[in-house]
There are 2 protein chains.
Amino acid sequence: MTLPKYRNIADDLRTQIVTGVLRPGDRLPTETQLMDTFGVSRNTARAATAVLVNEGLIERVPGRSGGMEVREQLTLTFHASEAEVIPGLWPESDAWFNEVQRQGQQPSQDFSVTIDTLPAEYAERLGVEADSSAAVRRCVRRVNGRPSSLQNTWYPMDLCQQVPELLQPGDIKQGTTRLLAERGLSQPALEDDVSAAMPTPEEARLLELQPGTPVLRMLRTGFSRDRAVRLSVTIFSGPINRVLYHLGDPEIIRKFRSH
Amino acid sequence: MTLPKYRNIADDLRTQIVTGVLRPGDRLPTETQLMDTFGVSRNTARAATAVLVNEGLIERVPGRSGGMEVREQLTLTFHASEAEVIPGLWPESDAWFNEVQRQGQQPSQDFSVTIDTLPAEYAERLGVEADSSAAVRRCVRRVNGRPSSLQNTWYPMDLCQQVPELLQPGDIKQGTTRLLAERGLSQPALEDDVSAAMPTPEEARLLELQPGTPVLRMLRTGFSRDRAVRLSVTIFSGPINRVLYHLGDPEIIRKFRSH
DNA sequence: ATCCATTTGTGCGTATGTATG
DNA sequence: CCATACATACGCACAAATGGA
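Residues numbered from 1 in each chain as written. Chains lettered and ligands numbered in written order. Predicted model: local features only at pLDDT ≥ 70, side-chain atom pairs only at ≥ 80, totals over all residues. Heavy atoms only, no water.

1. Observations concerning the relation of the copies chain A and chain B
Structural alignment of chain A on chain B gives an RMSD of 0.1 Å, achieved by rotating through 180° and translating 0.0 Å along the axis. On the angle and the small slide along the axis, the relation comes out as a two-fold axis. Within chain A, A:Ala196 has its C-alpha nearest the rotation axis, a separation of 2.7 Å. In this assembly the copies share their binding face: 100% of the residues contributing to the interface of chain A also contribute to that of chain B. (Least-squares fit on C-alpha atoms with pLDDT ≥ 70 in both. Contact = heavy atoms within 4.5 Å.)

2. Some thoughts on the packing of helix α2 (residues 31-38) of chain B against helix α3 (residues 42-54) of chain B
When two helices pack together, their arrangement is captured by the angle between the axes and the distance separating the axes. Residue and element names in this part refer to chain B. Between α2 and α3, whose axes approach to 9 Å, the crossing angle comes to 105°. In terms of axis orientation, α2 runs roughly perpendicular to α3. Between α2, through Glu31, Leu34 and Met35, and α3, the contact on the second element is made entirely by Arg42, Ala45, Arg46 and Thr49. (Axes fitted to C-alpha atoms, helices over the stretch in contact; angles between N-to-C directions. Helix = DSSP H or I, 4+ residues; strand = E, 2+ residues; numbered from the N terminus. Parallel < 35°, antiparallel > 145°, perpendicular 65-115°, else oblique.)

3. Re the side chain of A:Arg141
Residue and element names in this part refer to chain A. Position of arginine 141 relative to the elements: it lies in strand β5 (residues 133-143). There is a polar contact of 3.2 Å between the side chain of arginine 141 and the side chain of glutamine 109. At 3.0 Å, the side chain of arginine 141 forms a polar contact with the side chain of glutamine 151. Excluding its chain neighbours within four sequence positions, the residues that come into contact with arginine 141 are Asp94, Trp96, Ser108, Gln109, Arg146, Pro147, Ser148, Ser149 and Gln151. (Polar contact = N/O pair within 3.5 Å; in protein donor to acceptor, adjacent residues only side chain to side chain.)

4. Structural notes on the sheet that holds strand β10 (residues 241-248) of chain B
Taken together, the eight strands give an open sheet; going across it, the order is β4(A)-β5(A)-β6(A)-β9(A)-β8(A)-β7(A)-β10(B)-β3(B), and neighbouring strands pair in mixed fashion. Of all strands in the sheet, those bounded by a partner on one side alone are β4 (107-117) of chain A together with β3 (76-79) of chain B. Geometrically, the sheet is characterised by an average inter-axis angle of 20° between neighbouring strands, direction not taken into account. Across six bridges, strand β6 (residues 146-156) of chain A lies against strand β9 (residues 228-237) of chain A in antiparallel orientation. For A:Ser149, the partnering residue across the bridge sits in β9(A) and is A:Phe236. (Pairing = 2+ DSSP bridges.)

5. Quick look at the sheet that holds strand β10 (residues 241-248) of chain A
In space, the eight strands of this open sheet follow the order β3(A)-β10(A)-β7(B)-β8(B)-β9(B)-β6(B)-β5(B)-β4(B), with mixed pairing throughout. The sheet is open, and its two borders are formed by β3 (76-79) of chain A together with β4 (107-117) of chain B, each paired with just one other strand. The sheet shows a mean angle of 20° between the axes of neighbouring strands, direction not considered. As paired elements, strand β8 (residues 215-223) of chain B and strand β9 (residues 228-237) of chain B share nine bridges and run antiparallel to each other. Note that in β9(B) the partner of B:Leu219 across the bridge is B:Val233. Docked against the sheet, helix α4 (residues 95-102) of chain B engages β4, β5 (133-143) and β6 (146-156) of chain B, running at close to 160° with respect to β4(B).

6. What to know about the protein's contact with DNA strand C
Near DNA strand C you find 23 residues, and of these A:Arg42, B:Lys5, B:Asn43, B:Thr44 and B:Arg64 are the closest. Restricting the count to atoms of DNA strand C within 4 Å of the protein gives a sugar and phosphate share of 61%. Contact distances for DNA strand C include 3.2 Å between a sugar or linking oxygen and a backbone N or O atom of A:Gly63. Separating a base oxygen of DNA strand C from a side-chain N or O atom of B:Asn43 is a distance of 2.7 Å. (Near = heavy atom within 4 Å.)

7. Things to note about the domain arrangement of chain A
Along its sequence, chain A is organised into domain 1 (5-70) and domain 2 (76-257). The C-alpha-based centres of domain 1 of chain A and domain 2 of chain A are spaced at 37 Å. (Domains from an automatic or database assignment.)

8. Section: the protein's contact with DNA strand D
Near DNA strand D lie 24 residues; those nearest to it are A:Lys5, A:Asn43, A:Thr44, A:Arg64 and B:Arg46. Taking the atoms of DNA strand D that fall within 4 Å of the protein, sugar and phosphate contribute 64% of them. One of the side-chain nitrogen or oxygen atoms of B:Arg46 is found 2.8 Å away from a phosphate oxygen of DNA strand D. Between DNA strand D and the protein, one listed contact pairs a sugar or linking oxygen with a backbone N or O atom of B:Gly63 at 3.4 Å. Of all elements in the fold, only α1 (5-18) and α3 (42-54) of chain A together with α3, β1 (58-61) and β2 (67-70) of chain B reach the threshold of two or more residues within the surface near DNA strand D.

9. Observations concerning the pattern of salt bridges
Inspection of every chain in the model, using the stated rule, returns 35 salt bridges over all chains. One connected set of salt bridges, linked through shared partners, spans A:Glu121, A:Arg125, A:Asp193 and B:Arg242. (Salt bridge = Lys/Arg side-chain N within 4 Å of Asp/Glu carboxyl O.)

10. A word on the environment of A:Gly238
Following the sequence through the fold, A:Gly238 ends up in the loop between β9 and β10. Along the backbone, A:Gly238 and A:Met198 are 40 residues apart, and their C-alpha atoms lie at a distance of 9.1 Å.

11. Overview of the interface of chain A and chain B
Every contact between the two is made by 50 residues of chain A and, on the other side, 50 residues of chain B. Together chain A and chain B conceal approximately 3900 Å² of surface at their shared face, both sides included; 59% is due to carbon and sulfur atoms. At the junction of chain A with chain B, the criterion picks out four salt bridges. Close ionic contact of A:Arg225 with B:Asp249 constitutes a salt bridge, the shortest N to O distance being 3.7 Å. Linking chain A with chain B are 14 residue pairs in polar contact (both at pLDDT 80 or more), by the criterion used here. Of all the secondary structure elements, the ones that give two or more residues to the side of chain A that touches chain B are α1, α5 (120-126), β7 (189-197), β8 (215-223), β10 and α9 (250-256) of chain A. The biggest single contributor to the side of chain A that touches chain B is β7(A), with nine residues. (Buried area = accessible area lost by both parts, 1.4 Å probe.)

This is how it looks when you write it as structure tokens:
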């Protein structure tokens with residue numbers, strides 16, 4: 001009894017979820033039912049379920065036939081060491097788009113382009129002066145209509161004069177990586193910086209995240225032989241995305257993993 | 001205006017933190033001060049600060065001279081595509097230990113070994129039968145005395161007969177990767193599976209995480225030429241760790257990045 | 001379209017416990 | 001022992017969302 005009540009209730013409910021007594025899509029008892037069965041006030045019942053919301057295990061739905069629902073945990077895989085790396089692996093369109101289709105889901109994305117001042121951290125990664133400007137291609141990526149990830153790609157301004165298509169707001173059919181390669185700016189080396197974080201309010205809004213849902217933040221710097229070409233900042237909705245890397249001899253992996 | 005009070009207060013405080021008005025180590029106003037300055041009840045003040053705790057921005061400290069403190073955001077980098085991959089890169093000891101020392105911090109780790117039944121998901125990754133058993137080397141990794149990450153590495157049982165040292169509970173000086181290589185089980189290929197998640201209660205306890213702090217979960221499968229040799233499950237305390245991958249031509253990266 | 005019932009969302013006041021200096 | 005600050009818990013009220021009668 002050293003643990004507070006709300007933690008005990010949270011533990012109880014969590015056990016039911018991870019052992020499969022409650023399955024994705026199932027409803028938890030309503031707050032009033034929890035009050036009765038555990039003999040606590042509504043605030044305490046809410047504190048308990050708030051823990052599970054923060055862990056991404058349940059989702060709250062207001063309204064008459066609402067309630068608290070065990071969340072779906074479907075995952076989408078991003079093959080980080082194949083996409084954009086192996087030239088000619090896919091015939092056209094950009095890497096992410098292909099990935100999603102290959103996994104049998106419906107991708108869609110909205111683009112917009114702005115010209116912004118590079119934050120110091122980003123400028124350093126691109127090897128340009130801080131406060132210099134860059135074109136930013138922003139997109140919200142959806143899978144089956146639901147937001148799945150955000151990507152903002154920063155291109156140094158001088159590069160945009162070389163490749164003015166980067167400034168056009170719409171989609172670029174062959175994908176920007178391929179477009180740049182056609183202009184002599186292929187990217188034979190990439191650096192990925194991956195970390196977990198809580199979303200900013202803006203990110204949470206765009207990704208339609210429940211409070212307490214973490215995100216995976218990936219900063220990918222693309223290098224041509226002579227310079228850093230672009231910096232892509234991708235925010236993956238945490239629990240439903242994973243990033244896969246294959247290192248070393250690709251033949252060996254192919255032997256044991258079928259994609 | 002349409003936003004609830006506690007969100008407005010949270011936004012206000014968050015702005016002060018991200019703009020640097022409040023710097024890491026600084027104290028927020030106490031709950032009673034927040035009640036006064038924003039004219040709300042204590043519950044509302046707590047709801048507001050709870051948002052920031054969930055975002056990993058602040059830490060609550062009880063006691064006389066406690067309060068709510070803006071968290072340090074120092075990050076530790078794990079070079080995923082160098083550690084354990086480039087043979088002979090470091091003279092001895094295991095990959096993580098070297099990484100931390102190279103970044104000027106004090107690493108330490110506690111080991112324990114158990115024999116457990118492989119969960120279905122892990123068994124599949126190792127290409128062995130579900131419910132077969134495996135040796136698990138568990139460790140808590142600390143940086144300057146504070147827990148930084150957890151790592152559980154699973155070795156199929158038949159492998160342990162080949163390399164019985166794996167079952168010894170203490171540290172293995174040259175590192176397990178090197179030990180296995182000495183027995184003809186080098187790992188020329190690795191697969192990493194990276195995602196963001198909220199910690200289980202056990203993980204939160206071991207890593208001494210504040211409620212609401214996300215983690216980075218990395219599953220690394222190591223392959224010899226003939227089989228999957230091991231599965232390492234690493235839980236990085238989210239906000240203070242990042243994982244770095246270098247893909248493609250390493251010469252190019254070296255030109256632009258100094259480590 | 002209206003009203004009602006149910007369920008979660010926000011907010012207040014209060015009381016008591018626990019940790020720390 | 002006390003003062004301060006956060007931690008837990010109760011009870012209450014009203015708002016907002018949703019679906020059915």
